[in-house]
Each structure stands twice: as structure tokens, then as C-alpha cells.
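Now for the letters of each chain:
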Amino acid sequence: MEIIEVNDQLYGQNFAQPSHVFNSAAFNALNAYKCEQVYYLIFKDSKVRLGLILGVREGKLISPFSAPFGGFEATSVDVRLQTIDLALEALTAWAKSKNYIGIRIVQPPFIYGSDLLNKFHNCLYRSGFVSQNIELNYQFETAKFTEDYVMKVLWYNARKNYKRSLQAGLEFIPLSAQDGQQAYDIIALNRQQRGFPLRMTWVQVQETMTAVQVDFFLVKKERDDIAAAVVFHVADGIVQVVYWGDLPAYAECKTMNFLSYHLFEYYQKQGIRLIDIGPSTENSIPNHGLCEFKESIGCSIGIKTEFYKDLN
């Protein structure tokens, strides 16, 4: 198995339809300034089999270097286990030849292609990669959003909270991209008031919109903006809630129950299959309240695994 270092344009030509947007050449080129160097690698024998984009940080090779997950791309879902094994052997030898001290790969949740991802999990494990973190990832299947959603899917407390939100006179508003900063500003205020970090600036969100389709939503109470969501289109039939939140002063309105209901309804009507709401753990430690909220509104649970190989 041969590894060929290419530029982002050639990589993009070979993997024009990646399994998720965070593995696209355009997205990684846009964020290249966030690490010391970016490698676009093609794995080839008789033809191109796999691809991998790695960033360098503190002597380690990292995929992703600026996204929730990354990992390998395959030119075919039927890629053989032996091919992946050979690619990982080649990757280890290549990394050692450049004196890197380790390789970290965060695989996508299995909703992004369970058969292929299971192959990679098995091969990574057998090639000496160790799982450092296993995050609980939550997603909502829009097929659950039927006329019985409130009565049969929502937990009792979530159902009570949603009904309470209907009495608060709230309005759900999809925004145009041009008006997206209204939603971002509510998210920023939410994070500030709750003491949580906000990793992307509005300028960075705008830059991301050149490589990713981004949707924005507001919840209003009369004239006040009180909750918002920022959602990325990340794969065929899958969107990811990158940010959502409400202002603590309006917590009695049960705004998040209202917002989640209308997001699910909106994307079900748009023909979206899955809404990835992201992890509710950090370094494998759960935020119990967040886990229970996501379960209460009908989310199912997957895992997102971080693999690491020490090259010393």
C-alpha cells in the first residue's frame, strides 16, 4: 500500500463526495490555519482505496483538527478489511518516518455508515490504536416524528413541558443566511450567561458557510429573541445541531422543548432522515441533565470513539 501526499485540490478530486462534510477538502483547507500543518493523504495499490486528512499539533497527527469527527474516507463501502489493515501499516510507517509521536483519530458516530465504520473500528483496534474516549452521541430519527410523537415518544415530563411551552406564546422562525447573526447572537448570550465557552466566532461561522450549508432558527416571545439554533448539513440526509440554547430568563417557558419539537418538524418536512444532536459527554463524562433531556425528546444514542496510537 502506497501513501501519496497531495494538495487539497487533488484530494478533493479523488473524494468529491465524502461521507461527511468534515472530511471534505474544502472544509479542512478552510480551517488549515488552526494547526501547524495539514496532510492530505491518498492510499493506493492498483488504484486509490482510501484517503485521510491529518493536522499536526504538538508533534501529533490528528483527524480531525477542527471538527467533531474525521477519520478515513473510502472510495467504496466495499473496501476490504485487508486493505484497511495495509493502509494502517503504511500510515504508521509513514508517521514514524516523519518522527511524529502519535496519531489520534476520532471516528464519526455509526449513524454515518455503520458497516464501514465497524470495519475501521476493528482494524484500528488490531493495529494498536487504543480507545481513549467513548462519547455518547444523540440523534433523532425523523421517522419518529408522526402525529403520535407527543403522546408516544416524549417522556411524561417532556410532554408536560412542551404543552407548557405552547401556552407561552412562542414563535419558531427559520432565518435566511443573511439574518443568521440574530441566531448566533442568542447562542453567544446563552453561553455567556451560563458560563460555557463558544468555540466559533460569527466571522468563523460565516467562513464555514462557504464550505457547508448552514441553517439558522430563532424562537421569539412577542418581540424578544429568546432561543436559537445553528444547524449544519453534514451528510446525505443528515444535519447536525452545532449550537442551540435559550436565555435562562425565559426558562419557565420551556423554550428548548418548543425549539426541539419545531426543529424535528421542520427537518422531517424537508426530507432529512437524521438530526445529529451531538454528544452529551466530554472526555466520556456525562452531563446527566443534558443526557436526560435528549432522551426525553426521543433521541436515540450512539457512540463516537477517539482512537490513539503512541509511536514512541
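Above: the structure in question.
Anyway, here's the lowdown on the structure attached to this text. (Residues numbered from 1 in each chain as written. Predicted model: local features only at pLDDT ≥ 70, side-chain atom pairs only at ≥ 80, totals over all residues. Heavy atoms only, no water.)

**So, the packing of aromatic side chains**
Aromatic ring pairs are described here by two measures, namely the spacing of the ring centres and the angle between the planes. In plain terms, the rule: A pair of Phe, Tyr and Trp rings is counted when the ring centres sit within 6.5 Å of each other, with Trp represented by its six-membered ring. The angle between the planes then sorts it: under 30 degrees is stacked, over 60 is edge-to-face, the rest tilted. Each helix corresponds to a stretch of at least 4 residues labelled H or I by DSSP, and each strand to a stretch of at least 2 residues labelled E; elements are numbered beginning at the N terminus. Each residue is placed in one exposure class: buried if its accessible area under a 1.4 Å probe, protein chains only, is under 20% of its type's maximum, exposed if it is over 50%, and partly exposed if it falls in between.
Tallying each qualifying case throughout the model produces 23 aromatic pairs. The interplanar angle of 80 degrees and the centroid separation of 6.1 Å between the aromatic rings of Y39 and Y100 together place this pair among those described as edge-to-face. One end of the pair, Y39, is in strand 2 (residues 37-44); the other, Y100, is in the loop between helix 3 (81-97) and strand 6 (102-106), and 61 residues separate them in sequence. Taken individually, Y39 and Y100 each receive the classification buried, so the pair is uniform in this respect. Ring centres of Y266 and Y267 lie 5.0 Å apart, and the angle between their planes is 90 degrees; this geometry places the pair in the edge-to-face category. Taken together, the ring pairs connect F140, F145, Y149, Y162, Y261 and F264 into an aromatic cluster.

**A short note on the pattern of salt bridges**
The condition is simple: The term salt bridge refers to a side-chain nitrogen of Lys or Arg lying within 4 Å of a carboxyl oxygen of Asp or Glu.
Taken as a whole, this structure holds 8 salt bridges when the rule is applied. Note that K98 is salt-bridged to E5, the shortest N-O span being 3.3 Å. Of the two residues, K98 is situated in the loop between helix 3 and strand 6 and E5 in strand 1 (residues 2-6); the sequence distance between them amounts to 93 residues. For K98, a relative accessible area of 32% translates into the label partly exposed. With a closest N to O distance of 3.9 Å, K269 and E265 form a salt bridge. You can see K269 and its partner E265 sitting in helix 9 (residues 255-269), 4 residues apart, about one turn around the helix.

**A word on the pairing of strand 4 (residues 60-63)**
Note the threshold: Two strands make a pair as long as DSSP finds a minimum of two bridges between them.
In the sheet, strand 3 (residues 48-57) pairs with strand 4 via 3 bridges, with the strands oriented antiparallel. If you follow G55 over to strand 4, its bridge partner there is I62. Linking strand 3 to strand 4, which pair antiparallel, is a turn of 2 residues; within it E58 sits at a positive phi near 55 degrees. Of the strand pairs in this sheet, strand 4 and strand 6 are connected by 4 bridges, and their pairing is parallel. Bridging from a neighbouring strand, S63 pairs with I105 of strand 6.

**Here we look at the packing of helix 6 (residues 156-166) against helix 9**
How two helices sit against one another is set out by the angle between their axes and by the gap between those axes. Defined as follows: To get an axis, fit a line to the C-alpha atoms, keeping to the stretch in contact for a helix; angles then go from 0 to 180 degrees between the N-to-C directions. Throughout, the term roughly parallel applies to angles under 35 degrees, roughly antiparallel to angles over 145, roughly perpendicular to angles from 65 to 115, and oblique to all others. In this analysis, two residues are considered to be in contact whenever any of their non-hydrogen atoms come within 4.5 Å of each other. Each residue is assigned to one of three groups, with Ala, Val, Leu, Ile, Met, Phe, Trp, Tyr, Cys and Pro labelled nonpolar, Asp, Glu, Lys and Arg labelled charged, and all others, Gly among them, labelled polar.
The interhelical angle for the contact between helix 6 and helix 9, taken along N-to-C directions, is 90 degrees, at an axis separation of 8 Å. In terms of their interaxial angle, helix 6 and helix 9 are classed as roughly perpendicular. Of the residues in helix 9, those in contact with A158, N161, Y162, S165 and L166 of helix 6 are N257, F258 and Y261. A class-by-class count of the residues in the contact of helix 6 with helix 9 yields 5 nonpolar, 3 polar and no charged.

**Describing the state of the cysteines**
Put simply, the rule reads: To count as a disulfide, a pair of cysteine sulfur atoms needs to be within 2.5 Å.
Under the criterion given, the structure shown has 0 disulfides. Lacking any disulfide linkage, C291 is separated from the closest cysteine sulfur, that of C299, by 11 Å.

**Examining the nonpolar core**
Applicable threshold: For this analysis, a nonpolar core means a set of buried residues of the types Ala, Val, Leu, Ile, Met, Phe, Trp, Tyr and Cys, connected via side-chain atoms within 4.5 Å.
Counting residues in each nonpolar core, the largest one holds 35 residues, and the members touching the most others are Y149, W244 and L259. A per-element tally of this core places helix 9 first, with 7 residues. In this structure, L259 is in contact with F172, V219, A227, A228, A229 and W244, ignoring residues within four places of it in sequence. Listed in part, the 29 residues of the second largest apolar core include L41, I84, Y100 and F307.

**What about unusual backbone geometry?**
With an omega of 5 degrees, the peptide bond between S63 and P64 qualifies as cis. Residue placement: P64 occurs in the loop between strand 4 and strand 5 (73-74). Phi is positive for K254, which is not a glycine, with a value near 55 degrees. With respect to the helices and strands, K254 occurs in the loop between strand 11 (238-246) and helix 9. Positive phi, close to 55 degrees, is recorded for N283, a residue that is not glycine. Relative to the elements of secondary structure, N283 occurs in the loop between strand 13 (281-282) and strand 14 (285-286). What makes N283 exposed here is its relative accessible area of 52%.

**Structural notes on helix 7 (residues 180-194)**
Spacing of three or four residues puts side chains on the same side of an α-helix, whose turn is 3.6 residues. What counts, and what does not: A helix is expected to span 1.5 Å multiplied by its residue count minus one. Each direction from the helix axis to a C-beta atom contributes to the arc, which is the arc of those directions.
Between its terminal C-alpha atoms helix 7 stretches 22 Å, which fits the 21 Å expected from 15 residues at 1.5 Å a residue. Those residues of helix 7 not exposed but buried are G180, A183, Y184, I186, I187, N190 and R191. The buried residues of helix 7 occupy an angular sector of 160 degrees when projected down its axis, which confines them to one face. Contacts made by the buried residues of helix 7 are with strand 8 (170-175), helix 8 (202-208), strand 9 (214-221), strand 10 (224-235) and strand 11.

**Concerning the packing of helix 3 against helix 4 (residues 114-126)**
Note the following rule: Note on convention: the crossing is left-handed when the near helix lies turned anticlockwise from the far helix by less than a right angle, right-handed when the turn is clockwise.
Where helix 3 contacts helix 4, the axes come no closer than 10 Å and their chain directions differ by 45 degrees. In terms of their interaxial angle, helix 3 and helix 4 are classed as oblique. Viewed along their axes, helix 3 and helix 4 form a crossing whose handedness is right-handed. Side by side, helix 3 and helix 4 meet where L81, I84, D85 and L88 of the first sit next to K119, F120, N122, C123, L124 and R126 of the second. Residues belonging to the contact of helix 3 with helix 4 are distributed by class as follows: 6 nonpolar, 1 polar and 3 charged.

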